Amino acid sequence: MRTVPALAAASAALLALAPWAPQWLVFLLALALAKGLVVLGLLLLMRAGLVSFGQGLYFGLGAYAAALLAHRGGLADAALMIVAGTLGAAAVAALVGLLLARYREIFFGMLSLAFSMILYGLLVKSSTLGSTDGFSVHVRHFAGVPLAEGAERRIFYAASVLAVLALAWALHRWLGSHWGRVTAAIRDNELRVEYLGASVYRVVYVNYIVAGALAGLGGAFAALAVGHVDPETAYWTTSGEFVFIAILGGTGNVLAPFLAAIIFEALRTVANQYAPNVWQMALGVAMLAIILFLPGGLWTLARRKA
Amino acid sequence: MSAILEADDLHKRFGAVSAAADINLALARGSVVSVIGANGAGKTTFLNMVTGYLRPDHGRIRFDGQELVGRTPRQITRLGLARSFQIPQLFQTLSVRENLLVAEGIAAAERVEEAADALLERFSLGPYAARPAGLLPEGVRKLLDVAMALVAQPKLLLLDEPTSGVAADEKFAIMDLVMGAVRGQGVTVLFVEHDMDIVSRYAGRVVAFYDGRVIADGAPAAVLSAEEVRRYVIGEDVRAAA
């Protein structure tokens, strides 16, 4: 499958839904795309053989940074909030990454989880940030333009589609470049990469920051879509969801995270309504089926058809 | 001719085992030197110390006027010293061409794609270009391993058993390709080898290791006929022969 035309077509279709789709569908897709952005960053890490169980750290940071700008800073502009969420998460990833880029396998996974749980603990304990309840997000402008009453969610959704289009395309190009090849080479054989003269640490560090920034952006979009932030965004189950979506979609293509995220959110919505007590069990069975029959994720099916 | 590599008084122990003791070695620029020795003699330990994978307990290693001890493999590679491995170190899921593209990209070749294709041709790897490196026959894996080491256009190339695990009739073909690739480029070559026919044919000088020490060093004919080498390296029963 040709990625760029497929990405453009999918984005056009999603954008076309923005003005007329029912609110519940706009909400579902906006949340799925926000999570897809986090998983896009996870895909970058997984291409180098690293699985982070703590992307909730940056998802939560992005959501809270964006929300705080409106809540405490008085800057209730969605565009600024998106930038704040992205940059805030990237800055923390740049600090945490200094340590994490030295670790691999289970140590990388567990350390990333530990950092996300530190943020969760801080959020839960902080009464000024709403403790376990979190707080609501009220947005009045987008890039200086006042938002029409009732159209906010549709505009945020359209913005998230455009962001997905731009970032998925950019990452597709990046993965096809020398950097992407070295990233895959690191997964296969770090020793050889070093003996060829490249710094494995540098590649992992930069990828980690990019993954953090994407998760922050996803968090900011999620905060805008939901209109509320709470510590659950940084909780380990949220991070686990991202890993689940990454495995569901596979890491073979930049479209896979978004396809998987939409399927995941749709399934959850349906299951919550019709079978709320077996939702987690259904997830477990789905995970088992994917690992057994489609270890490369759902994207393998698209590749086979192509 | 000035030495490109000088190892002075190198020592390395792993617990009670001495892997290198009092190693003193200098390689002349442009020379082709073979290191021989039985398994466990310290050959690969020497290569690992030179390339920064192991740090000697004592001693100095100078390459092209620069001290190597304390530098990382990456820094040493950047100085112009490349190596291949006894077990080829490849990117198993990437194709042969992608392996070379990674190497060319890291070496910052100007035209990465063309440079990779030229290497494919020079090492007769063209028929395998699209095949994942993990699915290659051993001889081709060895060639790709060496080709990747040569991408950085090193001044010194260290080859760790470039023909081990390869069918006897392929060994000379591999060495011909490798030596053909470095010939006329002023590259100094040091290769570890067990096959004495290969050693005699390609090396201008032979260094024999035994028990972490250099026991003979000189022209191939002289070293291979030395009593200690015949006994400890080649495994002949010298007393019975006498």
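Residues numbered from 1 in each chain as written. Chains lettered and ligands numbered in written order. Predicted model: local features only at pLDDT ≥ 70, side-chain atom pairs only at ≥ 80, totals over all residues. Heavy atoms only, no water.

**Points about the overall build of chain B**
Then step 1. The secondary structure content of chain B amounts to 10 helices and 10 strands.
Then step 2. Seen through its principal axes, chain B has C-alpha atoms that stretch 55 × 40 × 35 Å.
Then step 3. Looking at the 242 residues of chain B, the share that counts as buried comes to 52%.
Then step 4. Put simply, 65% of the contacts in chain B that link residues at least 6 apart link residues at least 24 apart. (Helix = DSSP H or I, 4+ residues; strand = E, 2+ residues; numbered from the N terminus. Buried < 20%, exposed > 50% of the residue type's maximum accessible area, 1.4 Å probe, protein only. Contact = heavy atoms within 4.5 Å.)

**Observations concerning the side chain of R192 of chain A**
Then step 1. Here R192 of chain A lies in helix 8 (residues 190-195).
Then step 2. By relative accessible area, R192 of chain A is classed as buried at 1%.
Then step 3. Excluding residues within four positions of it along the chain, R192 of chain A makes contact with R83, F85, Q89, F91, D145, M148 and A149 of chain B.

**A look at a nonpolar patch on the surface**
Residue and element names in this part refer to chain A.
Then step 1. Together, F53, L99, Y103, I106, F107 and M110 make up an exposed nonpolar region whose accessible area comes to about 550 Å².
Then step 2. For the nonpolar patch, the element with the highest residue contribution is helix 5 (residues 105-125), accounting for three residues.
Then step 3. In this fold, L99 is placed in helix 4 (residues 78-100). (Patch = residues over 30% accessible without salt bridge, like charges linked within 9 Å, V, L, I, M, F, W, Y side chains within 5 Å. Areas by Shrake-Rupley, 256 points an atom, 1.4 Å probe, with all protein chains shown as cover. Salt bridge = Lys/Arg side-chain N within 4 Å of Asp/Glu carboxyl O.)

**What about unusual backbone geometry?**
Residues and elements named next belong to chain B.
Then step 1. Of note in this structure, Q153 is not a glycine but carries a positive phi near 50 degrees.
Then step 2. Residue classification places Q153 among the exposed positions, given a relative accessible area of 68%.
Then step 3. One non-glycine residue, D211, lies in positive phi territory at about 55 degrees.
Then step 4. Following the sequence through the fold, D211 ends up in the loop between strand 9 (205-210) and strand 10 (213-218).
Then step 5. D211 sits in the partly exposed class, given a relative accessible area of 49%.

**Focus: the sheet that holds strand 1 (residues 3-14) of chain B**
Residues and elements named next belong to chain B.
Then step 1. Spatial strand order, 2-1-4-5: four strands in an open sheet with antiparallel pairing. Among the strands making up the open sheet, the edge pair consists of strand 2 (17-28) and strand 5 (66-67).
Then step 2. Note: strand 1 against strand 2, eight bridges, orientation antiparallel. In the sheet register, L10 faces strand 2, and the bridge partner there is I23. (Pairing = 2+ DSSP bridges.)

**Let's talk about the packing of helix 4 of chain A against helix 5 of chain A**
All names here are of chain A.
Then step 1. Two elements in contact, helix 4 and helix 5, have axes separated by 11 Å at closest approach and are oriented at 145 degrees. Seen along the crossing, helix 4 lies across helix 5 with a hand that is right-handed. Packed against helix 4, whose contacting residues are V96, L99 and L100, the element helix 5 presents F108, L111, S112 and F115 at the interface.
Then step 2. Looking at the contact of helix 4 with helix 5 residue by residue, the class counts come to six nonpolar, one polar and no charged. (Axes fitted to C-alpha atoms, helices over the stretch in contact; angles between N-to-C directions. Left-handed = near helix turned anticlockwise from the far one by under 90°. Nonpolar A, V, L, I, M, F, W, Y, C, P; charged D, E, K, R; others polar.)

**Here we look at the nonpolar core**
Then step 1. Membership of the largest hydrophobic core comes to 159 residues, with the highest contact counts inside it found for Y157 of chain A together with I36 and F123 of chain B.
Then step 2. Look past the residues within four positions of F123 of chain B in its chain and what remains in contact with it is L143, V146, A147, L150, L177, V178 and A181 of chain B.
Then step 3. Ranked by size, the runner-up nonpolar core spans 28 residues in total, among them I23, L47, I76 and L158 of chain B. (Core = buried A, V, L, I, M, F, W, Y, C linked by side-chain atoms within 4.5 Å.)

**Thoughts on the packing of aromatic side chains**
Then step 1. Taken as a whole and judged by the stated rule, the model has 12 aromatic pairs over all chains.
Then step 2. Measuring from centroid to centroid gives 5.7 Å for Y58 of chain A and Y208 of chain A, while their planes differ by 80 degrees, and the two rings are edge-to-face. On the criterion of sequence distance, the pair formed by Y58 of chain A in helix 3 (residues 56-71) and Y208 of chain A in helix 9 (residues 200-226) is long-range, its members being 150 residues apart.
Then step 3. Arranged with centres 5.0 Å apart and planes meeting at 70 degrees, the rings of F59 of chain A and F242 of chain A form a pair that is edge-to-face. Highlighted residues: F59 of chain A in helix 3 and F242 of chain A in helix 10 (residues 236-249), separated in sequence by 183 residues.
Then step 4. A relative accessible area of 5% places F59 of chain A in the buried class.
Then step 5. In textbook terms, an aromatic cluster arises when at least three aromatic residues are bridged by ring pairs, as seen for Y58, F108 and Y208 of chain A.
Then step 6. The positively charged end of R83 of chain B is found above the aromatic ring belonging to Y195 of chain A, 5.6 Å away from the centroid. (Phe/Tyr/Trp six-rings, centres within 6.5 Å; stacked < 30°, edge-to-face > 60°. Lys NZ or Arg CZ within 6 Å of the ring centre and 35° of its normal.)

**Looking at helix 4 (residues 112-122) of chain B**
Residue and element names in this part refer to chain B.
Then step 1. Residues of helix 4 that are buried: A116, L119 and L120. Looking straight down helix 4, one finds its buried side chains confined to an arc of 105 degrees; they lie on one side. Facing away from the buried side of helix 4 by more than 90 degrees, the exposed set consists of E114 and E121.
Then step 2. Just past helix 4, the residue S124 takes up positive phi, approximately 55 degrees. (Arc of directions from axis to C-beta.)

**A few points about the packing of helix 10 of chain A against helix 12 (residues 279-293) of chain A**
Residue and element names in this part refer to chain A.
Then step 1. Helix 12 packs onto helix 10 with a crossing angle of 40 degrees between their chain directions and a minimal axis gap of 9 Å. The angle between helix 10 and helix 12 falls in the class oblique. You can see that helix 10 and helix 12 cross each other, and the crossing is left-handed. Residue-level contacts link F244, I247 and L248 of helix 10 to L283, A286, M287, I290 and I291 of helix 12.
Then step 2. Here the contact of helix 10 with helix 12 is built from residues that sort into eight nonpolar, no polar and no charged. (Parallel < 35°, antiparallel > 145°, perpendicular 65-115°, else oblique.)

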